[in-house]
Amino acid sequence: GSTWPTVVGADQTQSASEAIEALFGMTAPIPSAAPGRVLLVVEADLLCTEPAQPRDEDLALTRALERFARTANRQTHAIVLRTGRATRLPSVLVQSPFVRTVPIPMANGDERLAYVRLRAGALAERLGSDREAVAQTLTGATDSWTLEQIEALLQICQQQSLRSVNDLESTARAVQVGAAKS
């Protein structure tokens, strides 16, 4: 059977289905009377090459995920497959009575503002501006963006030679146009 690395930071090569099998035997001891919980979060947008008709490795992975969903102790073990669209996952998983689909809504303006306030300190300092001005500008320029997209924008802004808060809006527009074209 497969196992997880026993040393923190150690590399171990195994297939995704082997990792899921290893998850069954994993425990998470915590210093309390409650049993530990094990959670595996997977960025699943590119998990399967042909989600509509899984073959070979995709089929083995689908079987392992389905088996996990049917037999794992839900009190102690869970796998989260994070994806932008359920169609990027095999339908046998999405339609399984043992799998829950949880839609996560887009961040509203207040949530985006709070996130940017937390993350924009270094950018504001670099621009010689206050954090609130940067937060307000970026929040206004990122309507209907996910927090992940906003984080990517913040990283791009850090890498660019921006001179003022006014440059933030044009950078956001350029990122949005570039994302729409690609």
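Keep in mind that what you see is a predicted model, and the values were worked out from it rather than measured.

Thoughts on the overall build of the protein chain
Point 1. The helix and strand tally for the protein chain stands at 8 helices and 2 strands.
Point 2. From first element to last, N terminus to C terminus, the protein chain shows the α and β order α-β-α-β-α-α-α-α-α-α.
Point 3. In terms of overall dimensions, the protein chain is more spread out than a globule: its C-alpha atoms have a radius of gyration of 21 Å, far above the 16 Å expected for 182 residues.
Point 4. Principal-axis analysis of the C-alpha atoms gives the protein chain an extent of 55 × 45 × 30 Å.
Point 5. Contacts spanning at least 24 positions in sequence make up 62% of the contacts within the protein chain whose residues lie at least 6 apart.
Point 6. Of the accessible surface of the protein chain, which amounts to about 12,100 Å², a share of 53% is contributed by carbon and sulfur atoms.
Point 7. In the protein chain, which carries 18 positive and 20 negative side-chain charges, the distance between the mean positions of the two groups comes to 3 Å.

A word on the layout of surface pockets
With a probe scaled to a water molecule rolled over the atoms, the places where space remains empty come into view.
Point 1. Roughly 1,500 Å³ of volume is contained in the largest pocket.
Point 2. Every residue lining the largest pocket is counted, 37 residues in all, and those nearest its centre are V80, L81, R82, T83 and V102.
Point 3. If you list the elements that add at least two residues to the lining of the largest pocket, you get β1 (38-43), α2 (56-71), β2 (77-82), α3 (91-94) and α7 (147-159).
Point 4. Sort the elements by how many residues they give to the lining of the largest pocket and β2 lands first, with 6 residues.
Point 5. When its residues are assigned to classes, the lining of the largest pocket shows 22 nonpolar, 6 polar and 9 charged.

A word on helix α4 (residues 109-119)
Quick reminder: α-helices carry 3.6 residues per turn. Residues three or four places apart thus point the same way.
Point 1. R112, L113 and V116 are the residues of α4 that are buried. The arc that holds the buried residues of α4, viewed along the axis, is 100 degrees, so those residues lie on one side. Residues of α4 that are exposed and angled more than 90 degrees away from the buried face: D110 and L118.
Point 2. A distance of 3.0 Å separates the backbone nitrogen of D110 from a side-chain oxygen at the start of α4, and that oxygen is part of N108.

Points about a nonpolar patch on the surface
Point 1. Taken together, the side chains of L39, V41 and V80 present a nonpolar region at the surface, about 260 Å² in accessible area.
Point 2. Of note, V41 is situated in strand β1.
Point 3. V41 gets classed as partly exposed once you look at its relative accessible area, which sits at 49%.

A few points about the pairing of β2
Point 1. Two strands pair when backbone bridges link them, and β1 and β2 are joined in this way by 6 bridges, in the parallel orientation. If you follow V41 over to β2, its bridge partner there is V80.
Point 2. Between the parallel elements β1 and β2, the chain passes through α2 in a crossover that is right-handed.

Considering the packing of helix α1 (residues 16-24) against α2
Point 1. Contact geometry of α1 with α2 gives a least axis separation of 8 Å together with a crossing angle of 20 degrees. Accordingly, the angle class assigned to the pair α1 and α2 is roughly parallel. In this structure, the crossing between α1 and α2 has a hand that is left-handed. Between α1, through A16, S17, I20, E21, L23 and F24, and α2, the contact on the second element is made entirely by A60, L61, A64, L65, R67, F68 and T71.
Point 2. When grouped by side-chain class, the residues that make up the contact of α1 with α2 number 9 nonpolar, 2 polar and 2 charged.

Reading the values: the criteria
- Residues numbered from 1 in each chain as written.
- Predicted model: local features only at pLDDT ≥ 70, side-chain atom pairs only at ≥ 80, totals over all residues.
- Heavy atoms only, no water.
- Helix = DSSP H or I, 4+ residues; strand = E, 2+ residues; numbered from the N terminus.
- Rg over C-alpha atoms; globule rule 2.2 N^0.38 Å.
- Contact = heavy atoms within 4.5 Å.
- Areas by Shrake-Rupley, 256 points an atom, 1.4 Å probe, with all protein chains shown as cover.
- Lys, Arg positive; Asp, Glu negative; His and termini not counted.
- Charge placed at Lys NZ, Arg CZ, Asp CG, Glu CD.
- 1 Å grid on protein atoms, 1.4 Å probe; cavity = no way out; pocket = protein on both sides within 12 Å on 5 of 7 lines; lining within 4 Å.
- Points joined across faces, edges and corners; volume = space filled by probe spheres on them.
- Nonpolar A, V, L, I, M, F, W, Y, C, P; charged D, E, K, R; others polar.
- Buried < 20%, exposed > 50% of the residue type's maximum accessible area, 1.4 Å probe, protein only.
- Arc of directions from axis to C-beta.
- Polar contact = N/O pair within 3.5 Å; in protein donor to acceptor, adjacent residues only side chain to side chain.
- Patch = residues over 30% accessible without salt bridge, like charges linked within 9 Å, V, L, I, M, F, W, Y side chains within 5 Å.
- Salt bridge = Lys/Arg side-chain N within 4 Å of Asp/Glu carboxyl O.
- Pairing = 2+ DSSP bridges.
- Right-handed = clockwise from strand over helix to strand, strands pointing away.
- Axes fitted to C-alpha atoms, helices over the stretch in contact; angles between N-to-C directions.
- Parallel < 35°, antiparallel > 145°, perpendicular 65-115°, else oblique.
- Left-handed = near helix turned anticlockwise from the far one by under 90°.

So yeah, pure geometry; function would need other evidence.
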